[in-house]
Amino acid sequence: MAEAADFQGTSASPARRWLRRTGALLVGAPLVAGLLQLSAASPAQAAPSDSVSVALDSLSPSAPTDGDTVTVSGTVTNNGKQTVTGAHVGVRVGPLLNTRSAVDAIARNPHSLQGGTGTEVGGKYTEKFPKLIPGIAEHFSISVPVDKLDLGGDGVYTFGVAVSGQTPARPWDQVLGVERTFLPWQPSEAETTTRTTFLWPLISSVRMTARTGAGESQTPVFREDELAKEIAPGGRLAQMVELGKDLDITWVIDPDLLASVEAMAKGYRIDAPGDTTAPGPREHREIARQWLADLQKAVTGEEVVALPFGDPDLASLAHTGTSVTGSLSHLKDATDVAATTVKTVLHVTPSTDFAWPVEGAVDPSIMKVATSAGADRVIARSDSLRESSGLSYTPSAARPVGGGTTAVVADARLSTVFEGDLTRADTSTLAVQEFLAQSLEVNAQTDKQRSIVIAPQRMPTASQAQAMATALTALQSGTWSEAQGLSAAAKAKPDPNATTRIPSTSAYPSSLRKQELPKSAFEQIARTQDKLDNFQVILTDQSRVVTPFGRAINRGMSTSWRGHRADGDDFRGGVEGWLDDLAEQVKLIDKSETKLSGRSATIPVTVQNNLVQPVGHLYLRLTSTMPTRLKIGGKAYYEQPVDVSGGHSQSVKFTTSANANGRVGVLAQLYTEDGQEYGDPVTFDVKVTEVTPTVMLVIGGGVLLLVLAGFRMYTQRKRAAARRAEQEAAAEESTDGEPEQPGTPEDRPTAESDSPSEADTPDQPSDPAPDTAPESADPSGTGERVDR
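Residue positions are counted from 1 within each chain, in the order its sequence is given. A pLDDT threshold of at least 70 governs which residues receive local features in this predicted model, and a stricter bar of 80 or more applies before side-chain atom pairs are shown or counted, although totals over entire chains, interfaces and linings include all residues. Only hydrogens and water are removed before side-chain values are computed, so all heavy atoms of the structure are retained for them.

It is worth spelling out the packing of aromatic side chains at this point. Aromatic contacts are taken between Phe, Tyr and Trp rings whose centres are within 6.5 Å, Trp giving its six-membered ring; a plane angle under 30 degrees counts as stacked, one over 60 as edge-to-face, and the others as tilted. One pass over the structure, following the stated rule, counts 7 aromatic pairs. Each ring, one from phenylalanine 535 and one from tyrosine 678, has its centre 6.5 Å from the other, and the planes form 20°; the classification is stacked. Taken together, the residues span a long stretch of sequence, with phenylalanine 535 in helix α17 (residues 519-536) and tyrosine 678 in strand β30 (residues 677-689) at a distance of 143 residues. Each member of the pair, phenylalanine 535 as well as tyrosine 678, carries the same accessibility label: buried. By definition, being over a ring means that NZ of Lys or CZ of Arg is both within 6 Å of the ring centre and within 35 degrees of the ring normal. Directly above the ring of tryptophan 578 sits arginine 211, whose terminal nitrogen or CZ lies 4.8 Å from the centroid. Directly above the aromatic system of tryptophan 356 lies the positively charged group of arginine 458, at a separation of 4.4 Å from the ring centroid. Secondary structure elements are defined from DSSP: runs of H or I of at least 4 residues count as helices, runs of E of at least 2 residues count as strands, and each element is numbered from the N terminus. Only protein chains enter the accessibility calculation, which uses a 1.4 Å probe. A residue is then buried if its area is under 20% of the maximum for its type, exposed if over 50%, and partly exposed in between.

This is how it looks when you write it as structure tokens:
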């Protein structure tokens, strides 16, 4: 009435207005107090979900059957500030779940109290704690016979452990924390079982470099020694082998891993600072041998799928690599060598028909690249090939997508359940139970038998592998699934209602695209391949270079570089740099200026080979920059074949001819047989000093005079000797035919005393002895000779 009066324009006195307001306050006070109490109580009701946490560390058996006893253990921790009194931990069973989506909802928030916690079994199947002190974790373990759980029909039940108690602020019994998981219940054999294929990947990061030792054994060099940790007892890969040997699985192996471990077993070295290497520990060689032996036993009789060598990134190839010429040829090469590597190391023949893009994400370009190397089956995932027909069940994995290609679609939920941090016992237990729950829900969807494929992450951690093995052990001993190999799953009859439409390129996840190898990576790979092609031509044993560098190029495209771009760039740069270093071991030795006197001469050029093996199929070409002044081999350039032994040098000689004086530039360059330049050229100058005909005549005349002078000296000496012999003979005749004159011999007159003596006439060696008759007509006395 008062409000009506106000709206009608009537006015009330101040006293009446005061009385009206006072009455309203008195009437509303209890309501306000109640609202305040309710608002204060609301946070208190929400608080319990955060006050005490429950961790369910183990649940055994994971999939119970009739007569089993379920044992659950874990810890409860008071996260609040007040002590909880009168606490107890109890097992709770929730309603039957009918869909995979219902399983998803609980798995996303297992600690929520909003969705209900189920009915507590109670009685003696609880564990009591008089006090839960803040910050202190208390362990519990409860065992309950299955028949006490009051399970109904077959299917998946919500199963949880809840802690109840009271605090000083809330002195009444209430649920303070819970952890919910799943209890698969299929006690008898299912009428129709699901054929399940589980891929067991043996893949690691790139470990080996392109470098090898110079000896015959070519000791490989590793980037680091982390692989030894993975294959050592307790390591990730060691556990993958140990756990996998007892499971019905399909082994999916990167041959590069096998090649790396085998190289370790034979002896290896490790990159060290300063461009040096250190020997790998001897004990690691034995670890490698043992791991290979264990793997050989584990895969015997099992299906083995070999990925292309190095596990190349198919999506990166499709999106950026195909724009670089030759990139797809590396995928073909990696596929060809895969089967040989696996068969050599493991002594089994693998299948190479499968391609596996990262996380099973596909688009038309990825499908085209994946099948380009011969694989006609592509492992995809259901979150990439999404069902568009509104199927109420999960169809079989095999999907014919045209062109003779089959997409083998792995189930996304089952494939991703083991991702994340499973180092904590409770997260691992939840993953195992969620996997089994999803598997049972798949089987319960329809009475049609289907083939389901599970493709987990490429490189599971040790804890993830343990959870996978636990789940598979329970599944394979269960009643609703049977194991099947990947090849059988790919050949299974496809569901006609399942989608076969490959998503568009724009639908490819942006998160995955950001991790792809850049175009520059494939450009560098192409550049390295060109250099390798040029280098191998000159080698007598190409396998020593082609094999390690070919495998290193495959590793440069590995999926392991996703998210590690800088490391990938360093690796590819190291491969190219090492190849450059090797190629530079065959080179021309620098020459200084060469002087050329005369019209023709020989110029030597030295080729040095610092490689271990001989090189050949090379030609050394010497080119004159001014052929009008200096010709080589009679023309502007001349080339000769070159073969040099390992660790030696060889000089190659070129005949040159000069037409004029001066300085001429000369270029020396090595070429391969196919006409490609090899190595850096060497340039040097040739200084030509031409000799004129006049100078040649003067020099020739001087030489002739020297020869004649020598001849005359020889003749004169011979004649002098003959005269002395005649004089001695004449003297002997005179002594025998005449009376001896008185006096000494020195005083006796002789015929020589009547004519000038030789002592009086100096002998001139350069003058020839007279070869004419004497001018006097009188005959000379016996033994007398007159020289003029």
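Positionally, valine 84 belongs in strand β3 (residues 84-97). Every residue in contact with valine 84, bar those within four places of it in the chain, is listed here: Val52, Asn78, Pro130, Lys131, Leu132, Gly165, Gln166, Thr167 and Leu176. Note on contacts: a residue pair qualifies if any of its non-hydrogen atoms lie within 4.5 Å across the two residues.

Before going further, it helps to spend a moment on the side chain of aspartate 225. Along the chain, aspartate 225 falls in the loop between β11 (220-222) and α5 (226-231). Here aspartate 225 occupies a buried position and makes no salt bridge, while the nearest side chain of opposite charge, lysine 229, is found at 7.9 Å. A polar atom in the side chain of aspartate 225 sits 2.8 Å from the side chain of tyrosine 268. When residues no more than four places from it in sequence are discounted, the contact partners of aspartate 225 are Met264, Tyr268, Ile270, Pro281 and His284. Positive: Lys, Arg. Negative: Asp, Glu. His and the chain ends are not part of the count. The term salt bridge refers to a side-chain nitrogen of Lys or Arg lying within 4 Å of a carboxyl oxygen of Asp or Glu. A 3.5 Å cut-off defines polar contacts: any pair of N or O atoms within that distance qualifies, except that in protein one atom must be a possible hydrogen donor and the other a possible acceptor, and neighbouring residues in sequence count only when both atoms are side-chain atoms.

The next thing to look at is the sheet that holds strand β26 (residues 630-632). For two strands to be treated as a pair, DSSP must find no fewer than two bridges joining them. Strand order across the open sheet formed by 4 strands is β22-β24-β28-β26, with antiparallel pairing between neighbours. The sheet terminates laterally at β22 (586-588) and β26, the two strands that pair on one side only. Direction aside, the axes of adjacent strands within the sheet are offset by 35° on average. For β26 and strand β28 (residues 648-658), the ladder comprises 3 bridges, and the chain directions are antiparallel. Counted as the bridge partner of leucine 630 is alanine 658 from β28. Orientation is described by axes fitted as lines to C-alpha atoms, over the contacting stretch for helices, and by angles from 0 to 180 degrees between their N-to-C directions.

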